[in-house]
There are 4 protein chains.
Amino acid sequence: MYIHQMKLRVRYAETDRMGYVYYGNYAEYLEVARVEMLRSLGISYREMEEQGVMLPVRELRITYHKPAFYDDEISVRTELRAMPGVRIVFTYALFNAGGLLLSEAETTLVFIDVRSGKPRSAPTAIIDRLSPYFG
Amino acid sequence: MYIHQMKLRVRYAETDRMGYVYYGNYAEYLEVARVEMLRSLGISYREMEEQGVMLPVRELRITYHKPAFYDDEISVRTELRAMPGVRIVFTYALFNAGGLLLSEAETTLVFIDVRSGKPRSAPTAIIDRLSPYFG
Amino acid sequence: MYIHQMKLRVRYAETDRMGYVYYGNYAEYLEVARVEMLRSLGISYREMEEQGVMLPVRELRITYHKPAFYDDEISVRTELRAMPGVRIVFTYALFNAGGLLLSEAETTLVFIDVRSGKPRSAPTAIIDRLSPYFG
Amino acid sequence: MYIHQMKLRVRYAETDRMGYVYYGNYAEYLEVARVEMLRSLGISYREMEEQGVMLPVRELRITYHKPAFYDDEISVRTELRAMPGVRIVFTYALFNAGGLLLSEAETTLVFIDVRSGKPRSAPTAIIDRLSPYFG
C-alpha cells in the first residue's frame, strides 16, 4: 500500500450559493491529489502523457459526509491499495483543518496507449516505483 | 417511474487537453438534467430552496464508457425509479448524437431543512407531482 | 454589423457563496455566445479548428453592472462591428429576463494556423458569410 | 505600492482541447492571487465577508500573451498601486517557470456593505495594514 497526503485550499470559485464547495469540484481535488501522489513517487503525469500513455477516468464514486467551505484548508489522503495493471484505483479521504471527515472517494483509471487508443498495462516506470510498497 | 430527456451541448471550457470532456464536468450536466426534470414536473428547484429546502448531493457515481467531445450534442435521460423520502435518487444515461452510450451515473440527494440543518422528507409539492407516476 | 441573440440558463455550479454567478464564469457564457453566433452564420467553430485554424482569445474585458443569480435566464446579444482580419472582435451585452443590463464585455481573438503556430487572416468561409453584413 | 508574489500549478481540469489553460480559468488564478495578497497583509477575505463586507468584481481585463500549459508552475505577481477607497484595483502579471510573461490583468472590485447592499469605503483594518506601503 502507498499513502500520500496533501493539502489544498478552497477557492471562492469552487463554492456555490449554498456556501458549500460544489459537489462537482471535488473531482478536481481528486485529480490534484493523485497527480501529486504520482509526483511524490518521481512520476510526472505530464511526461507520461507526452510519452504516449493517457490515463482517463473510468469510474468515479464520491460520498459527501460534510460540506467544505470557502477558504477551508482540506487535507486529502490518497491510497493505492493494489499494484496497477491495466487499471489503477485511487482511494481518497478528505478532511478539514479540524480533522473532520468531509468525503470519501474512489476513482478507477485505465492506462491507454495514445497511438492505438487501446488499453495497455501500467508503464514500467510506475511499476518499478511502486513495487517496494507492495510486498 | 418518471423519465425525462434533455439535450445539452459541450462547451469548449468543458474539454481538457486530451480533447475529452473533463470527467468532473459531468457533475454539472447531471445537475442541469435533474433540475430540468423537476421543472418538467412543475417544480422549481430555485423556489424550493427559497422556501427553505436544500437538496445537497450525498453520493455520486459515474461510469465513463466513451468520451464526449467539444460541440457534441449530448442527450441525457434521467430516471426517478422510486418515490423520494428523505433521499431522492436520480439515475442518468448520457448518449451522443449517434446514440452511443457515453456514461451512466447515479446521484443520491438529501432533503435538508435550511433552518434546522436537519434532513426532512420530500416537500408535499414534489410528492404530489410524482405520485401519478408511481404505483 | 452582424448581431446575434441567444439565451442560456445559469447553472448551480456557476454560482458562488455570494449567491452570484462567479465572475470568471462569464467567460464561458461569452464563448457559448460567439460560437452560436458563428453557427448562425453557417460556420462551425469545431470544423474550423479541425481544418487547422485555431482562434485563441487575446484580450478579454468585462464590466459587471448587476449580478446574475441561479436559474436566471440570461440573454446574450453579441455583435461583430467590423470585418475580421487577423483579429476578430466580439462585443457582448448580457441581460436578465427583466431586461436589466447585467454586464458588457469585449473579446479579441486571433486566427492562428495550427501547423505553423502563426497568426493568419480569417478563413474565406467566414469572410464570405460576413461580407453581406458589412457594406 | 504593495507587491505580492505567489505560485500555483495548472490543473488538468483547467486545460482545454487546444492544450492551453482555458481563458476563463485565469479569473480563478487572479482570485487566488489577490486573496493570498490580502492574507500576506494579515487580512482574511473570508472573515471580512463574515463581518459584513463583500468585494464583488466590477471590472476584469486580461491580455493573453502566451499560453499556459498543463502542470506549469505559474508565478503571479500582484500589485496594489493605490490605496483603496470604495474601489480596490489589483494589477497582475503571470509568468511561467522560464520567466516568460504569459498574461497581464487588472481587476477592479467594490467594497459593499452586505446589509445595505450599498458601496462603502474599505474597512479600517485594510487601510491600516496598507498605509505603511503608501507614503
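Structure first, text after, so check above.
All values derive from a computational prediction rather than experimental measurement. (Residues numbered from 1 in each chain as written. Chains lettered and ligands numbered in written order. Predicted model: local features only at pLDDT ≥ 70, side-chain atom pairs only at ≥ 80, totals over all residues.)

S.K.: Can you explain the overall build of chain A? Please cite residues and give values.
M.R.: Helices and strands together make up the secondary structure of chain A, namely 3 helices and 7 strands. Its C-alpha radius of gyration of 16 Å places chain A within 12% of the 14 Å reference for a compact globule of 135 residues. Seen through its principal axes, chain A has C-alpha atoms that stretch 45 × 30 × 20 Å. Long-range contacts, defined as pairs at least 24 residues apart, comprise 69% of the intrachain contacts of chain A with a sequence gap of at least 6. (Helix = DSSP H or I, 4+ residues; strand = E, 2+ residues; numbered from the N terminus. Rg over C-alpha atoms; globule rule 2.2 N^0.38 Å. Contact = placed C-beta atoms within 7 Å.)

S.K.: Before we move on, could you go through the interface of chain B and chain A and cite the residues and values that matter?
M.R.: Counting from both sides, the interface comprises 17 residues of chain B and, opposite them, 17 residues of chain A. Counting residues per element, the ones that place at least two in the side of chain B that touches chain A are α1 (26-40) and β3 (57-64) of chain B. Considering every element that reaches the side of chain B that touches chain A, the biggest residue donor is β3 of chain B, with 8 residues. Broken down by class, the residue content of the side of chain B that touches chain A amounts to 10 nonpolar, 3 polar and 4 charged. (Nonpolar A, V, L, I, M, F, W, Y, C, P; charged D, E, K, R; others polar.)

S.K.: Mind laying out the relation of the copies chain A and chain D, listing which residues take part and the relevant values?
M.R.: At an RMSD of 0.0 Å, chain A and chain D line up after a rotation of 180° and a shift of 0.0 Å along the axis. On this basis, the relationship between the two copies can be described by a two-fold rotation axis. For chain A, the minimum C-alpha distance to the rotation axis belongs to Leu8 of chain A and amounts to 5.5 Å. Both copies share a contact surface, since 100% of the interface residues of chain A are interface residues in chain D too. (Least-squares fit on C-alpha atoms with pLDDT ≥ 70 in both.)

S.K.: Explain the pairing of strand β6 (residues 101-110) of chain D to me, and be specific about the residues and the numbers.
M.R.: All names here are of chain D. Relative to β6, strand β3 (residues 57-64) runs antiparallel, the two being bridged by 7 bridges. Along β6, the bridge assignment pairs Leu60 with Thr107. In this structure, strand β5 (residues 87-95) lies alongside β6, joined through 9 bridges in antiparallel fashion. Bridge assignment links Val89 to a residue of β6, and that residue is Thr108. Where β5 folds back on β6, the antiparallel hairpin that results is connected by 5 residues, among which Gly99 adopts a positive phi of roughly 85°. (Pairing = 2+ DSSP bridges.)

S.K.: So, the pairing of strand β4 (residues 73-80) of chain D: which residues are in play, and what are the values?
M.R.: Residues and elements named next belong to chain D. In β4, alternate side chains face the same way, and those of Ile74, Val76, Thr78 and Leu80 are buried while those of Glu73, Ser75, Arg77 and Glu79 on the opposite face are not. Sheet topology note: the strand β1 (residues 2-9)/β4 ladder contains 8 bridges and is antiparallel. Bridge pairing links Lys7 to Ser75 in β4. Count of turn residues in the β4/β5 antiparallel hairpin: 6 residues. (Buried ≥ 20, exposed ≤ 12 C-beta atoms within 10 Å, placed from the backbone.)

S.K.: Just give me the short version of the interface of chain A and chain D, but keep the residues and values in it.
M.R.: It is common to report an interface's size as the accessible area lost on association of the parts. Each partner contributes residues to the interface: chain A has 9 residues there, and chain D has 9 residues. With 3 residues, helix α1 (residues 26-40) of chain A is the single largest residue contributor to the side of chain A that touches chain D. Grouping the constituent residues of the side of chain A that touches chain D by class yields 4 nonpolar, no polar and 5 charged.

S.K.: Hey, could you go over the environment of Thr15 of chain B for me, with residue numbers and the actual values?
M.R.: Relative to the helices and strands, Thr15 of chain B is located in the loop between β1 (2-9) and α1. Along the chain, Thr15 of chain B and Asp71 of chain B lie 56 residues apart, while their C-alpha atoms are 9.6 Å from each other. Residues within four places of Thr15 of chain B in sequence aside, it is in contact with Val10, Tyr20, Val21, Tyr22 and Tyr70 of chain B together with Asp16 and Arg17 of chain D.

S.K.: Now, about the sheet that holds strand β6 (residues 101-110) of chain A: what can you tell me, with residues and values included?
M.R.: Taking strand neighbours across the sheet as the criterion, the 10 strands line up as β1(A)-β4(A)-β5(A)-β6(A)-β3(A)-β3(B)-β6(B)-β5(B)-β4(B)-β1(B) in an open arrangement whose pairing is antiparallel. Only two strands of the sheet have a single neighbouring strand rather than two, namely β1 (2-9) of chain A together with β1 of chain B. Averaged over all adjacent pairs, the angle separating strand axes in this sheet is 15°, with direction ignored. The pairing of strand β4 (residues 73-80) of chain A with strand β5 (residues 87-95) of chain A spans 6 bridges and is classified as antiparallel. Residue pairing in the sheet places Val76 of chain A in a bridge with Leu94 of chain A of β5 of chain A. On top of the sheet, α1 of chain B reaches β1, β3, β4 (73-80), β5 (87-95) and β6 (101-110) of chain B; it is set at about 130° to β1 of chain B, its chief contact. (Axes fitted to C-alpha atoms, helices over the stretch in contact; angles between N-to-C directions.)

S.K.: How would you explain helix α1 (residues 26-40) of chain D if you had to name every residue and give the values?
M.R.: Residue and element names in this part refer to chain D. A rise of 1.5 Å per residue sets the reference length of α1, with its 15 residues, at 21 Å; its end C-alpha atoms lie 21 Å apart and thus fit the reference within 8%. The element α1 is largely enclosed, with a buried count of 11 among its 15 residues. A positive backbone phi angle near 85° is found at Gly42, which sits one or two residues after α1. (Expected span 1.5 Å × (residues − 1).)

S.K.: Describe the environment of Arg34 of chain C, naming the residues involved and giving the relevant values.
M.R.: Residue and element names in this part refer to chain C. Assignment of secondary structure puts Arg34 in helix α1 (residues 26-40). On the basis of neighbour counts, which here come to 23 C-beta atoms within 10 Å, the residue Arg34 falls in the buried class. Counting along the chain gives 64 residues from Arg34 to Gly98, while the straight-line C-alpha distance between them is 23 Å. When near neighbours in sequence (up to four residues on either side) are disregarded, Arg34 contacts Thr78 and Phe90.

S.K.: Can you tell me about the sheet that holds strand β6 (residues 101-110) of chain C, naming the residues and giving the values?
M.R.: Pairing within the open sheet is antiparallel, and its 10 strands lie in the order β1(C)-β4(C)-β5(C)-β6(C)-β3(C)-β3(D)-β6(D)-β5(D)-β4(D)-β1(D). Of all strands in the sheet, those with a lone pairing partner are β1 (2-9) of chain C together with β1 of chain D, marking the two edges. Strand after strand, the sheet turns through a mean of 15° between neighbouring axes, direction not considered. In the packing of α1 of chain C onto the sheet, the strands contacted are β1, β3 (57-64), β4 (73-80), β5 (87-95) and β6 of chain C, and the crossing angle to β1 of chain C comes to about 130°. With respect to the sheet, α1 of chain D is in contact with β1, β3, β4, β5 and β6 of chain D, its orientation differing from that of β1 of chain D by roughly 130°.

S.K.: Can you break down the environment of Glu28 of chain D residue by residue, with the values?
M.R.: With respect to the helices and strands, Glu28 of chain D occurs in helix α1. Its 21 C-beta neighbours within 10 Å are what place Glu28 of chain D among the buried residues. The spatial distance from the C-alpha of Glu28 of chain D to the C-alpha of Ser40 of chain D is 18 Å, given a sequence separation of 12 residues. In this structure, Glu28 of chain D is in contact with Arg11 and Ala13 of chain A together with Gly24 of chain C, ignoring residues within four places of it in sequence.

That is the geometry; function is a separate question.
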